[in-house]
Amino acid sequence: MSIFTNSLKTFESDITGELKEYNVNNAVYLYLKSKFKLTQGQWGKAYGEDEVLNGAKFVVCVLKANNIDTTLNDVIQNTNALQITEFLVAYQNAMLGDDTVDESEDDDDSGK
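None of these values were measured; they are calculated from a predicted model. Every chain's residues receive numbers from 1 upward, in the order its sequence appears when written. Whole-chain, interface and lining totals are the exception, using all residues; otherwise, since this is a predicted model, local features are given only for residues with pLDDT of at least 70 and side-chain atom pairs are given and counted only at 80 or more. Values reported for side chains reflect all heavy atoms of the structure, with hydrogen atoms and water molecules removed beforehand.

Draft legend 1. Region of the structure containing the packing of helix α3 (residues 51–65) against helix α5 (residues 81–96). The axes used here are C-alpha line fits, helices contributing only the stretch in contact, and every angle between their N-to-C directions lies in the interval 0 to 180 degrees. Elements are defined by DSSP. Helices are runs of H or I of four residues or more, strands are runs of E of two residues or more, and each kind is numbered from the N terminus. At a minimum axis separation of 9 Å, α3 and α5 run at an interaxial angle of 55°. The orientation of α3 relative to α5 falls into the category oblique. Viewed along their axes, α3 and α5 form a crossing whose handedness is left-handed. Contacts between α3 and α5 involve Val52, Gly55, Ala56, Phe58, Val59, Val62 and Leu63 from the former and Ala81, Ile84, Phe87, Leu88 and Tyr91 from the latter. Each residue gets one of three labels, nonpolar for Ala, Val, Leu, Ile, Met, Phe, Trp, Tyr, Cys and Pro, charged for Asp, Glu, Lys and Arg, and polar for the others, Gly among them. Its residues placed into classes, the contact of α3 with α5 shows eleven nonpolar, one polar and no charged. In this scheme, roughly parallel covers angles under 35 degrees and roughly antiparallel covers those over 145, while 65 to 115 is roughly perpendicular and the rest are oblique. With the far helix as reference, a near helix turned anticlockwise by less than a right angle produces a left-handed crossing, and one turned clockwise produces a right-handed crossing. Residue contacts are defined here by distance: any two heavy atoms, one from each residue, within 4.5 Å place the two residues in contact.

Written out as structure tokens, the structure is:
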């Protein structure tokens, strides 16, 4: 039983072929370090050099952090670049909170 009573941020993705909810947690960075020998900063730099391969590595780590056993080979063979990007964006939006949508803009459109 866990001592933690707080709830983690979550996001949804269908990267595995079915829509599932994933937790955003720090275990991702432990998997990134242990599986791929990358720190968070090193991963960011590597992602800038090869978005698909390093994006797929991050997907593997998020899935493993959510108790889904997969490999880099699985992710690369069963996804495309757009799916990887959408997964990363959903993760980041959940982690940071998506403050880009201004609800007042929706109200302005209804009066036209």
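Draft legend 2. Focus on the packing of aromatic side chains. Only rings of Phe, Tyr and Trp enter the pairing, Trp through its six-membered ring, and a pair is recorded when the two centres are within 6.5 Å. The plane angle decides the type: under 30 degrees is stacked, over 60 is edge-to-face, the rest tilted. A complete count under the given rule lists eight aromatic pairs for this structure. For the ring pair Phe11 and Tyr91, a centre distance of 5.7 Å and an interplane angle of 85° mean the geometry is edge-to-face. Highlighted residues: Phe11 in strand β1 (residues 10–13) and Tyr91 in helix α5, separated in sequence by 80 residues. Each of the two residues, Phe11 as well as Tyr91, counts as buried. Their ring planes at 35° and their centres at 4.8 Å tell us that Trp43 and Phe58 sit as a pair that is tilted. In this pair, Trp43 is assigned in helix α2 (residues 40–49) and Phe58 in helix α3, connecting sequence segments 15 residues apart. Burial here depends on accessible area, computed with a 1.4 Å probe over protein chains only, as a share of the maximum for the residue type. Under 20% is buried, over 50% is exposed, and the range in between is partly exposed. Of the residues examined, Phe58 reaches a relative accessible area of 4% and is grouped as buried. Among the aromatic residues, those joined into a cluster by ring pairs are Phe11, Tyr22, Tyr29, Trp43, Tyr47, Phe58, Phe87 and Tyr91.

Draft legend 3. Quick peek at the pattern of salt bridges. Here, a salt bridge means any Lys or Arg side-chain nitrogen found within 4 Å of an Asp or Glu carboxyl oxygen. Taken as a whole, this structure holds one salt bridge when the rule is applied. With a shortest N-O distance of 3.1 Å, Lys64 and Asp69 are connected by a salt bridge. Asp69 sits in the exposed class, given a relative accessible area of 70%.

Draft legend 4. Focus on the side chain of Thr70. Tracing the chain through its elements places Thr70 in the loop between α3 and α4 (72–78). A 3.5 Å cut-off defines polar contacts: any pair of N or O atoms within that distance qualifies, except that in protein one atom must be a possible hydrogen donor and the other a possible acceptor, and neighbouring residues in sequence count only when both atoms are side-chain atoms. Reaching out from Thr70, the side chain makes a polar contact with the side chain of Asp74 at a distance of 3.4 Å.

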